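Given next are the chains, with one letter for each unit.
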Amino acid sequence: MKITDHVYVVPGVTANSYILSDVDELTIIDTGLPYSEKRILDYIASLSRSARDIRRILITHADLDHSGCLAGLQQASGACTYTSRLEAASMAKGQSS
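Residues numbered from 1 in each chain as written. Predicted model: local features only at pLDDT ≥ 70, side-chain atom pairs only at ≥ 80, totals over all residues. Heavy atoms only, no water.

Participant: Give me the packing of helix α1 (residues 37-46) against helix α3 (residues 70-77): which residues, what numbers.
Facilitator: One can describe the packing of α1 onto α3 by two numbers: an axis separation of 9 Å at closest approach and a directional angle of 45°. As the angle between them shows, α1 and α3 are arranged oblique. Contact residues: E37, I40 and L41 in α1; G72, L73 and A76 in α3. (Axes fitted to C-alpha atoms, helices over the stretch in contact; angles between N-to-C directions. Helix = DSSP H or I, 4+ residues; strand = E, 2+ residues; numbered from the N terminus. Parallel < 35°, antiparallel > 145°, perpendicular 65-115°, else oblique. Contact = heavy atoms within 4.5 Å.)

See the structure below:
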């Protein structure tokens, strides 16, 4: 669902995954629960874009509903992931923040 020019929220993904769209690349903010990657990638396809366009994934915090399908989206896109050191440490341990 379009919020403003170049900003979208993916419908049906728990905890709201946002997509920021530039001319030749995409940024995803939060990934939703595990197994949400298909819904996110399908929505990206509806924007006439592909997983290859995803360059960055930003994780606001390590709760499962915000980082649950990070691995699937990384695998599909090869995107770099960004988060705080505290959140990265929690995610590396498999913990929520």
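Participant: I'd like to hear about the side chain of S21, residue by residue, with values.
Facilitator: When you line up the elements, S21 lands in strand β3 (residues 18-21). Only 3.0 Å separates the side chain of S21 from the side chain of R49, close enough to count as a polar contact. (Polar contact = N/O pair within 3.5 Å; in protein donor to acceptor, adjacent residues only side chain to side chain.)

Participant: Just give me the short version of the environment of I19, but keep the residues and values in it.
Facilitator: Looking at where I19 falls in the secondary structure, it is placed in strand β3. Using a relative accessible area of 0% as the deciding quantity, one classes I19 as buried. A C-alpha to C-alpha distance of 16 Å links I19 and G68, two positions 49 residues apart in sequence. With sequence-adjacent residues up to four places away left out, I19 is seen in contact with H6, V7, Y8, V10, L26, T27, I28, Y43 and I44. (Buried < 20%, exposed > 50% of the residue type's maximum accessible area, 1.4 Å probe, protein only.)

Participant: Describe the side chain of D30, listing the residues and the values that go with them.
Facilitator: Structurally, D30 can be placed in the loop between β4 (26-29) and α1. Buried charge without a salt bridge: D30, with R56 as the nearest opposite-charge side chain at an N-O distance of 14 Å. One polar contact links D30 to T60, side chain to side chain, over a distance of 2.8 Å. Each residue touching D30, except ones within four places of it in the same chain, is listed here: N16, S17, Y18, L58, I59, T60, H61 and H66. (Lys, Arg positive; Asp, Glu negative; His and termini not counted. Salt bridge = Lys/Arg side-chain N within 4 Å of Asp/Glu carboxyl O.)

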